[in-house]
Amino acid sequence: MEYLKLSDCAEYRSSRTKQIDFETYITTDNMLPDRAGITLVESLPDTKTVSKYLPKDILLSNIRPYFKKIWIANREGGCSNDVLVIKAKSNIYPEFLYYVLSDNNFFNYDTVTSKGTKMPRGTPSAIMKYLVPNFDKEQQQKIVSILSNYDNLIEINNKRIKILEQMAENLYKEWFVRFRFPGYQTTEFENGIPKGWRIEKVDSISLIKAGGDRPKVFSLCQIEGISTPIFSNGIDNEGLYGFTDKPVITGESITVSARGTVGYVCLRRIPYVPIVRLIAIIPDMKVITPLYLYYYFKNDSVVANGTSQQQITVPMVSRKRILLPPMKIVKQFDEVEKSIWNKMDKLREQNNNLTKQRDLLLPRLMSGKLEVIRWGLK
């Protein structure tokens, strides 16, 4: 197998742009780990120009390369200085180059050659010395075709998941915001809410805990640690720091991001340890369920305070008032919601399997261990 230096087939784009908007601006914060693409940015910079990227440019986060944040652009826009913009030269397909740089071998190399300890940064000059397999363009195209089939299926499943998520949220709003729950036609209302419903403080129907420091010692108990940032109002977001033997939350609960991505809510369905800038809310299952609590906080978040850095505190969450329907209606809501969530779980499981298969194929294709013949494998 022959190899080229990355600098032989790519270069950094150095141009600037005044295009700075929520739809197209990219930072390391809205790039998702493990090659999961991007999400919408939360704030824009106070600068007149930023680094420019064009369709098919490869955007690579240059902070903590072990998070494996990479995206091939499908539009024009701008990005922060902590994002490297890599432009493919004429001798290589951009899509092929994207898969080369998506390989774990590249991220391992980027991590080893990075500088800094607390927040390591990739070294641009070292990145350009990375070795790229020298396939002709026909071989490149065939490899892209094989790997992109996996990505296309993952993208289709992700779109289906988003539709299901919207269905689940709309159900909450229909029942508990518009009050069109089963039997609403014959229900009497008092003070703007259905008769028999009540409003209570959050601390009267749940246990509230603040996240501790990131654990320095890990154990073999296999309990997940959860830390900010929570990248979106996501479901079952994964922890970044492995496992710990500190006290765990064993039942279903929600976590609210207290600083950084303030107010973002995540439902947890596995044992975990909340750490660093998180508030955990464990509901009293006799009066409320985690699913209802999740959607309530997602649609009526706690207002943060602070000037230089917005934050949410345990007392703020404790004082928040929550609408409590009769448990009979909440259980009906849960039953419908769980059927939707089960479908999302299956799609996520499919995506996990597709991702594993793709990631097993990728290094073997790049090393030439699997020879591509026409559109198949040898």
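Scroll up to find the structure this text is about.
No experiment lies behind these values; they were computed from the predicted model shown. Position numbers for residues start from 1 in each chain and track the written sequence from start to end. Local features in this predicted model are restricted to residues whose pLDDT is 70 or higher, and side-chain atom pairs enter the listing and the counts only when it is 80 or higher, whereas totals over whole chains, interfaces and linings include all residues. Water and hydrogen atoms play no part in the side-chain values, which are based on all heavy atoms of the structure.

## Structural notes on the pattern of salt bridges
And step 1. The term salt bridge refers to a pairing of a side-chain nitrogen on Lys or Arg with a carboxyl oxygen on Asp or Glu at a separation within 4 Å. Evaluation of the coordinates by the stated rule reveals 19 salt bridges.
And step 2. In this structure, Glu174 and Arg178 form a salt bridge, with 3.1 Å as the shortest nitrogen-oxygen distance.
And step 3. Through salt bridges with shared partners, a single ionic network connects Arg35, Asp151, Arg358 and Asp359.

## A closer look at unusual backbone geometry
And step 1. Residues other than glycine seldom take positive phi values, yet Arg64 does so here, at roughly 45°.
And step 2. Secondary structure follows DSSP: runs of H or I at least 4 residues long count as helices, runs of E at least 2 residues long count as strands, and numbering of each begins at the N terminus. The topology assignment puts Arg64 in the loop between β5 (58–61) and β6 (70–72).
And step 3. Look at Arg64 and you get partly exposed, because its relative accessible area is 22%.
And step 4. Positive phi outside glycine occurs at Lys68, with the angle close to 60°. Relative accessibility under 20% of the residue-type maximum defines a buried residue, over 50% an exposed one, and the middle range a partly exposed one, all with a 1.4 Å probe and only protein chains included.

## Thoughts on the sheet that holds strand β13 (residues 206–210)
And step 1. One open sheet accounts for 4 strands, arranged β13-β18-β15-β16; its pairing is antiparallel. The sheet is open, and its two borders are formed by β13 and β16 (265–268), each paired with just one other strand. Geometrically, the sheet is characterised by an average inter-axis angle of 25° between neighbouring strands, direction not taken into account.
And step 2. Examined bridge by bridge, strand β15 (residues 253–257) and strand β18 (residues 278–283) share 4 bridges and lie antiparallel to one another. Following DSSP output, two strands are said to pair if at least two bridges run between them. Axis angles are defined between N-to-C directions and span 0 to 180 degrees, where every axis is a line fitted to C-alpha atoms and, for a helix, only to the segment in contact.

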